[in-house]
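# Structural characterization, general
Given next are the chains, with one letter for each unit.
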Amino acid sequence: MQGNPLILGVMVYDRNLLDKYGQPALIRFDWAMKRLLRDKASYVVLEGFLTCLLGRQIKIVSILESEGNQESGDDKFNRVDILAEDDLGEKLLIEVQNESQYSYFHRMLYGVSKLITEYIKKGEPYENVAKVISINIVYFSLGQGSDYVYVGTTNFYGLHNHDRLQIPENWKNKLEIKEVQDIFPEYYILRVNEFDEVSKTPLDQWISFLKTGMIPAEADAPGLPEAREKMRVDALSPNERNAYYEHLQSDVDTRDILETAHLEGREEGLQEGREEGREEERRATILNMAKAGCDAEMIARLTSYPIAEIKNILKP
């Protein structure tokens, strides 16, 4: 079966179910997170990824409910996330963000804070607060830096003596931790587009897959051999395959809406003064997205413009 290819970034999918190297085409990781990797039989894929990233053996006990997986009319605009719990009781929040968002750091903080409060019952002792690890796979230039993987932890340092605050020895057994940072959330940011595609480590093999959508025959990082088999497009049922192609096309359409709205807004903005032009560009972008069928809430999610400003511009 030959058909028109669906092109998204560096990934090419066509109806003959092969990638550009002649290997079986694989479904995108974000779509797999939403539809496939929540099945217990597929935990091995996520466990392999988390093991490579965190540098320790991870065993997923369960996949928990998370808002990002809700099905809705504007599902294609949502970020995709998956929330897992490991055998240590830690919460592992994995998010994929495809569209640029300047407030994404704030969003990371909000997501973790919400998790912490959701998973402790009123009246429980504070030591029952679960450790949260936030893993963010982003396909845009988040922040400035030359690396493609960043890690954020919390430590306390003396303002005068510059020493690091430690957990007292007699607290360690009671709290079951060794360092202060073991209590606080950890953040991982994988800036996928910054990867140079030279795989030197098992984690590099994973990031290469996240960037290209392909797994070379020689890739052997934990979870990738299983992903190579479980995530094949030709293993999907006809209905699932059609849903997947529709998802890809919707993603392409979404990017077209954003790019067209931004370019048209920029053209209109350039006709005005610099400051007025920026305001006019924002206004034109909002109006163009509304014409394309986006409501105020959707525009706010995609652009991070204040909802009050968007509603004011869209007022009849």
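Residues numbered from 1 in each chain as written. Predicted model: local features only at pLDDT ≥ 70, side-chain atom pairs only at ≥ 80, totals over all residues. Heavy atoms only, no water.

The strand order across the open sheet formed by 6 strands is S3-S4-S5-S6-S8-S7, and the pairing between neighbours is mixed. In this open sheet, the two strands that pair with only one neighbour each are strand S3 (60–64) and strand S7 (149–152). Shown here is a sheet whose adjacent strand axes are inclined to one another by a mean of 20 degrees, direction ignored. Both strand S6 (residues 132–138) and strand S8 (residues 186–191) contribute to a ladder of 6 bridges, which runs parallel. Residue pairing across strands places Ile 133 opposite Glu 186, the latter belonging to S8. Sheet strands in contact with helix H3 (residues 104–118) are strand S4 (80–86), strand S5 (91–97), S6 and S8, and its direction is about 150 degrees off that of S6. (Pairing = 2+ DSSP bridges. Helix = DSSP H or I, 4+ residues; strand = E, 2+ residues; numbered from the N terminus. Axes fitted to C-alpha atoms, helices over the stretch in contact; angles between N-to-C directions. Contact = heavy atoms within 4.5 Å.)

Quick look at the confidence of the model for the protein chain now. Per-residue pLDDT for the protein chain has a mean of 80; in total, 79% of the residues score no lower than 70. Counted against residues more than four places away or in other chains, residues 1–15, with its pLDDT under 50, gives 35 contacts. (pLDDT = per-residue confidence, 0-100.)

A separate point is the pairing of S5. For S5, the buried fraction is high: 7 of the 7 residues fall into the buried class. Taking every second residue as pointing to the same face, both faces of S5 are buried, with Lys 91, Leu 93, Glu 95 and Gln 97 on one and Leu 92, Ile 94 and Val 96 on the other. Bridge analysis of S4 against S5 gives 6 bridges, and the strand direction is antiparallel. Within the sheet, the bridge partner assigned to Ala 84 lies in S5 and is Leu 92. As consecutive antiparallel partners, S4 and S5 are separated by 4 residues, and within that stretch Gly 89 has a phi angle of approximately 85 degrees, a positive value. (Buried < 20%, exposed > 50% of the residue type's maximum accessible area, 1.4 Å probe, protein only.)

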